[in-house]
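This is what each chain is made of:
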Protein chains: 2
Amino acid sequence: MNNFYSISDMADMFNVSTRTIRYYEEIGLLKPERNQNGYRIYGKKEKIQLQLIFRGKKYGFSLDEIKDMILLFDEDPTGREQLKKTIEYGERKVQEVTQSIEELMSLKNEMEKFLGEFKKMLADLEENKV
Amino acid sequence: MNNFYSISDMADMFNVSTRTIRYYEEIGLLKPERNQNGYRIYGKKEKIQLQLIFRGKKYGFSLDEIKDMILLFDEDPTGREQLKKTIEYGERKVQEVTQSIEELMSLKNEMEKFLGEFKKMLADLEENKV
DNA sequence: ATTGAAGTTTACGTTAACGTAAATGTTAAA
DNA sequence: TTTAACATTTACGTTAACGTAAACTTCAAT
């Protein structure tokens, strides 16, 4: 039940280099514990954080933006004001994502329109071939 | 009806630098006509291509990938084989976009779940405040 | 005990996507 | 006609996100 990993475990898990993982620590995205000899120890928390990072990167967020989001969900917002700020920020982000979805859907529509025309062209060609 | 633009017209239009536009030409994304003195002339076609470029960038495509897509829709696929290839490629891209949409929607769900918890916490705090 | 794989830090190298500057030509307005 | 704003090419500079290598330590297996 208690799962800990080395740095190359994590690298394999996410299919990246150890350098990449160390780099993320270098810029403050991760802060894994160390054992007696200074070896990094990764647990469930770091695993989740890395998932967040790679998902974020996939959608064009810079590591700097991702850092903001991680820090946000990292420090538990105990104070009322902090909690409010967190909620506000979160709602803005949700709004951004919502818009991204809409734009992607319109992009998809355009592409399918294009495809439709091409398919029609192909069908015409096939017909005249006979 | 016939609309032509200078490079800084385009730069203003898309709110980027002229260097950016020249760079896109440098790597083969654009090939505007030139006038007598070598000045670049931009028309409707380039306008559309630039829209494609910036939309692509917005969703994390590299300029290299974008180049592929532009070249694809640039040369008209007159030959049957070329037409087929174009359709295949297009369908793959549509598939990619579809998956992106799905993942973004699940991301949105997660974020909203998070937000829900935070909001509940805040509500509790407000209550105990009384 | 030795060897090889994996860990550490430090530090320089690389690529994409431009920024910036120099040197020069063109155009529009005063 | 001169001046300011805009155009051109050439070329070096910059930043993010790692790659790569050196010099060293630690661990696991033979």
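What counts and how
Residues numbered from 1 in each chain as written. Chains lettered and ligands numbered in written order. Predicted model: local features only at pLDDT ≥ 70, side-chain atom pairs only at ≥ 80, totals over all residues. Heavy atoms only, no water. Least-squares fit on C-alpha atoms with pLDDT ≥ 70 in both. Contact = heavy atoms within 4.5 Å. Buried area = accessible area lost by both parts, 1.4 Å probe. Salt bridge = Lys/Arg side-chain N within 4 Å of Asp/Glu carboxyl O. Polar contact = N/O pair within 3.5 Å; in protein donor to acceptor, adjacent residues only side chain to side chain. Helix = DSSP H or I, 4+ residues; strand = E, 2+ residues; numbered from the N terminus. Nonpolar A, V, L, I, M, F, W, Y, C, P; charged D, E, K, R; others polar. Axes fitted to C-alpha atoms, helices over the stretch in contact; angles between N-to-C directions. Parallel < 35°, antiparallel > 145°, perpendicular 65-115°, else oblique. Domains from an automatic or database assignment. Near = heavy atom within 4 Å.

Observations concerning the relation of the copies chain B and chain A
For the pair chain B and chain A, the superposition axis carries a translation of 0.0 Å, the fit reaches an RMSD of 0.2 Å, and the rotation angle comes to 180°. What the rotation and shift describe, once combined, is the action of a two-fold rotation axis. Closest approach to the rotation axis within chain B is made by the C-alpha atom of Gly60 of chain B, at a distance of 2.1 Å. Same-surface contact between copies: 100% of interface residues of chain B are shared with the interface of chain A.

Section: the interface of chain B and chain A
Counting from both sides, the interface comprises 38 residues of chain B and, opposite them, 38 residues of chain A. Here chain B packs against chain A, burying approximately 3900 Å² in sum over the two surfaces, 77% of which is carbon and sulfur. Applying the counting criterion to the chain B and chain A interface returns four salt bridges. Between Glu126 of chain A and Arg80 of chain B there is a salt bridge, with its nearest N and O atoms 2.9 Å apart. In this structure, the connection of chain B to chain A is made through six residue pairs in polar contact (both at pLDDT 80 or more). Those elements that provide at least two residues to the side of chain B that touches chain A are helix 3 (44-58) and helix 5 (80-129) of chain B. The element contributing the most residues to the side of chain B that touches chain A is helix 5 of chain B, with 31 residues. Taken together, the residues of the side of chain B that touches chain A break down into 18 nonpolar, seven polar and 13 charged.

Brief notes about the packing of helix 1 (residues 7-14) of chain A against helix 2 (residues 18-26) of chain A
All names here are of chain A. Put simply, helix 1 and helix 2 touch, their axes get as near as 8 Å, and they point 110° apart. One element, helix 1, and the other, helix 2, form an angle in the roughly perpendicular class. Residue-level contacts link Ile7, Ser8, Met10 and Ala11 of helix 1 to Thr18, Ile21 and Arg22 of helix 2. In terms of residue class, the contact of helix 1 with helix 2 is built from four nonpolar, two polar and one charged.

A closer look at the domain arrangement of chain A
Taken domain by domain, chain A holds domain 1 (1-59) and domain 2 (75-130). Here domain 1 of chain A and domain 2 of chain A have C-alpha centroids that lie 30 Å from each other.

Examining unusual backbone geometry
Within the chain, Asn15 of chain A stands out as a residue other than glycine whose phi angle is a positive 60°. Here Asn15 of chain A is to be found in the loop between helix 1 and helix 2.

Here's the deal with the protein's contact with DNA strand C
In the vicinity of DNA strand C there are 19 residues, among which Ser8 and Arg22 of chain A together with Ser17, Tyr24 and Asn37 of chain B approach most closely. At the protein interface, 75% of the atoms of DNA strand C within 4 Å belong to sugar or phosphate. Between Ser6 of chain A and DNA strand C, the recorded distance is 3.2 Å, taken from a side-chain N or O atom to a phosphate oxygen. Taking Tyr39 of chain A, its side chain carries an N or O atom lying 3.5 Å from a sugar or linking oxygen of DNA strand C. When residues of the surface near DNA strand C are traced back to their parent elements, those giving at least two are helix 1 and helix 2 of chain A together with helix 2 (18-26) of chain B. When residues in the surface near DNA strand C are grouped by element, the largest group, four residues, is from helix 2 of chain B. Partitioned by chemical class, the residues of the surface near DNA strand C number six nonpolar, seven polar and six charged.

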